[in-house]
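# Close look at the chain arrangement
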Amino acid sequence: MSGAANPVAPAEITIDEDPDRLAEFEQRIADGVLIEPGDWMPEAYRLLQLRMAEHHANSEIVGALPEGEWITRAPGMLRKLALTAKVQDEVGHGQMLYRVSQELGKSRDDMLRDLVTGKTKYHNCFNYPCPTWADIAMVQWLIDGAAIMNQKTLADGAYGPYVRTMNRINMEEAFHFKSGEDMVLTLMSGTKAQKAMTQEAFDRWWTIALAFFGPHDKPGAEDMPAMRWRMKIERNDSLRQRFVNRFAPAAIDLGLVINVVTKNEQGLVTSATPDEQLGVDESTGQWSFTEPDWDEFWKVIRGHGPCNAQRLALRRFSYEQGAWVRRAIAHGAVVTPPAA
Amino acid sequence: MSKIREQALTFGEELPPPTPDTMHWVVYTCKKPGAPFKWAGYVDAPDEALALQYAREHYGLDEACVGLITHRHEDAIDSEYALKNLEPIDASGTDGDEWTVLTLNRRGGNHQTAGVVHAPNANTALARAQASFAGSKVCSIRVVKSSQVLETNEEELLIWRHHDMSYKLARGYSKQVRSKWTRIRDEQTYEDYRQEDIADHF
Ligand SMILES: [Fe+2]
Ligand SMILES: [Fe+2]
């Protein structure tokens, strides 16, 4: 999964560099040259890229938590194997992205600590519940689908180590998405009860997927550092539009209804009515749709979502339970002679 | 849901004391016998045995991966990263230890094994590697003393990765996804026809 499209806390960015050097750097980026180890970069670039890679890494490992809970309950051996492999992939993505972040100047332990103390964030979409198997199917279809869309653009970024990691990750995301599509298709080819369960899960996840790409872009987003330096390639609104154009017709073909919903504190749907804004402009192929509830989005980002506390508690539990292993390993690292 | 996830977790004020990061390793995998090893990713591990074990677990399950190598990040010496291609230079000699040479074809690309050189030290190894392997489609060169490169061995391959794992690949689902789409869409077409038929005739 991905975290990078979500709004990374917009802390003040001050660029205090030699103007000639900065101009040369920006020209390189404009020319499509990738930044590689040993290249000079503005301090603000390093910080922004670190924040983005770290947020992405956090999202990968927190995203694996709700899915991990479903491995033992997955229907059938094949689904269990596939879900185990997916969770392993996601944690692996986290491991790779923490490594990219380490090279940008932060230790892995500091990142894990900042995550459990809430100093850094992870993607907002993981603060919602997965009460049924159909939610797991929806996460793999809609959220991994959204993640691929976003991460494909990030693979066109300017920072070499992040780009090569993104290319590698995207291969595995394709598996997550395809197996998710298969799960949704299976459920929607099933019994009445299975179809109803899938519709309910779709109601929970459609708006979360729309909000996945982050809030509306600020005016002039293209000129702000994240896009000017090619860390972020496509505007949030444009990614969201492409997502709806791809997934709305597929959902309808499946027999799903795209609803506008209200939710309670637990993230469960309290009312659902068909989206009256929904429709396609045949001449352009663009779909119109009802916006996600942005007030709810900000509330959840600020820590008051249905599962924020639960996810962080589980991460912290794991960090504390693993402390003795890390200590043993650190001790081993001191006494093991370097490779011959 | 497991007991751990059901119970309310409580924590003390303080986090456990910080631990230093372990060594960083770079991992390359080989997709078929005789092919070069290509960059796959990284692992953090405290020693050689765990580095290989983690690498196998994390990257060795790639479809058709027949072997992998890994080395410590700090044991690798990279040349400059050229804007386009690294120019060959003049340097030759066959004295000294064996060094594994990896080349990077372009910025943002992946390193892969290209061959070996012999040299008494890292700088000479890099120069000799640049003499032999630079040119078009090489933007940077990496050398690692071959004795510092760990590799999986043959025996392990016999029990490793010899059953069908297409369930963890996108293409493992293509066929069934397509047939399920066809069935669902056909059903819809039939349902539309049936409704129209009813409307037209009754
Ligand atoms: Fe994923
Ligand atoms: Fe992922």
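Residues numbered from 1 in each chain as written. Chains lettered and ligands numbered in written order. Predicted model: local features only at pLDDT ≥ 70, side-chain atom pairs only at ≥ 80, totals over all residues. Heavy atoms only, no water.

### Quick notes on the overall build of chain B
Using the following cut-off: Strands are runs of DSSP state E lasting at least two residues, helices are runs of H or I lasting at least four, and both sets are numbered from the N terminus onward. Working definition: with a 1.4 Å probe on protein chains only, accessible area under 20% of the residue-type maximum means buried, over 50% means exposed, and in between means partly exposed. The contact definition used throughout considers only heavy atoms, calling two residues in contact when any of these lie within 4.5 Å. Per-residue and other accessible areas follow the Shrake-Rupley method at a 1.4 Å probe size, with only the shown protein chains counted as cover for residues.
The number of helices and strands found in chain B is 5 helices and 8 strands. Within chain B, buried positions represent 43% of all 202 residues. Within chain B, contacts between residues at least 6 apart in sequence are counted, and of these 63% link residues at least 24 apart. Entry remark: accessible area of chain B is about 11,400 Å², with carbon and sulfur atoms responsible for 50%.

### Some remarks on the pattern of salt bridges
Note the threshold: The term salt bridge refers to a side-chain nitrogen of Lys or Arg lying within 4 Å of a carboxyl oxygen of Asp or Glu.
Using the criterion set out here, one finds 30 salt bridges over all chains in the structure. Between Arg72(B) and Asp75(B) there is a salt bridge, with the nearest N and O atoms lying 3.3 Å from each other. Note on Asp75(B): relative accessible area 10%, which makes it buried. Among the charged side chains, a salt-bridge network with shared partners connects Glu67(A), Lys86(A), Glu90(A) and Asp144(A).

### Examining the domain arrangement of chain B
Where we set the bar: Residue ranges labeled as domains rest on an automatic or database domain assignment.
Along its sequence, chain B is organised into domain 1 (3-162) and domain 2 (167-201). With centres defined by C-alpha atoms, the gap from domain 1 of chain B to domain 2 of chain B works out at 47 Å.

### Examining the pairing of strand β3 (residues 67-72) of chain B
Residue and element names in this part refer to chain B. Short version of the rule: One bridge is not enough; two strands pair if DSSP finds at least two bridges between them.
Counted residue by residue, β3 has 6 buried out of 6 residues, so it is predominantly covered. Residues Gly67, Ile69 and His71 of β3 are buried on one face, and the alternating residues Leu68, Thr70 and Arg72, pointing to the opposite face, are buried as well. With 6 bridges joining them, strand β1 (residues 23-30) and β3 adopt antiparallel strand pairing. Within β3, the position partnered with Cys30 by the bridge is Gly67. Across 2 bridges, β3 lies against strand β8 (residues 150-151) in antiparallel orientation. Residue pairing across strands places Ile69 opposite Glu151, the latter belonging to β8.

### A word on the packing of helix α4 (residues 108-116) of chain A against helix α11 (residues 308-321) of chain A
Residue and element names in this part refer to chain A. The following threshold applies: Axis lines are fitted to C-alpha atoms, over the contacting stretch for helices. Their N-to-C directions set the angle, which ranges from 0 to 180 degrees. Every angle not falling under 35 degrees, over 145, or within 65 to 115 is termed oblique; those three ranges are roughly parallel, roughly antiparallel and roughly perpendicular. Handedness of a crossing follows from how the near helix is turned relative to the far one, being left-handed for an anticlockwise turn of less than a right angle and right-handed for a clockwise one. Nonpolar residues are Ala, Val, Leu, Ile, Met, Phe, Trp, Tyr, Cys and Pro. Charged residues are Asp, Glu, Lys and Arg, and all others, Gly as well, are polar.
Packing of α4 against α11 brings their axes to within 9 Å, and their N-to-C directions diverge by 140°. In terms of orientation, α4 and α11 fall into the oblique class. Crossing geometry of α4 relative to α11 is assigned as left-handed. Contacts between α4 and α11 involve Asp109, Leu112, Arg113, Leu115 and Val116 from the first element and Leu312, Arg315, Arg316 and Tyr319 from the second. A per-class count over the contact of α4 with α11 returns 5 nonpolar, no polar and 4 charged.

### Topic: the interface of chain B and chain A
Many descriptions give the size of an interface as the accessible area lost when the pieces come together. Selection criterion: Think of a polar contact as two N or O atoms within 3.5 Å of one another; within protein, one of them needs to be a possible hydrogen donor and the other a possible acceptor, and neighboring residues in sequence only count if both atoms come from side chains.
At the junction of the two partners, chain B supplies 56 residues and chain A supplies 63 residues. If you look at where chain B meets chain A, you find 3 salt bridges. Note that Arg107(B) is salt-bridged to Asp39(A), the shortest N-O span being 2.6 Å. The interface formed by chain B and chain A contains 19 residue pairs in polar contact (both at pLDDT 80 or more). Breaking the side of chain B that touches chain A down by element, the ones donating at least two residues are α1 (3-6), β2 (37-45), α2 (48-59) and α5 (174-201) of chain B. The element best represented in the side of chain B that touches chain A is α5(B), accounting for 7 residues. Looking at the side of chain B that touches chain A residue by residue, the classes come out as 27 nonpolar, 13 polar and 16 charged.

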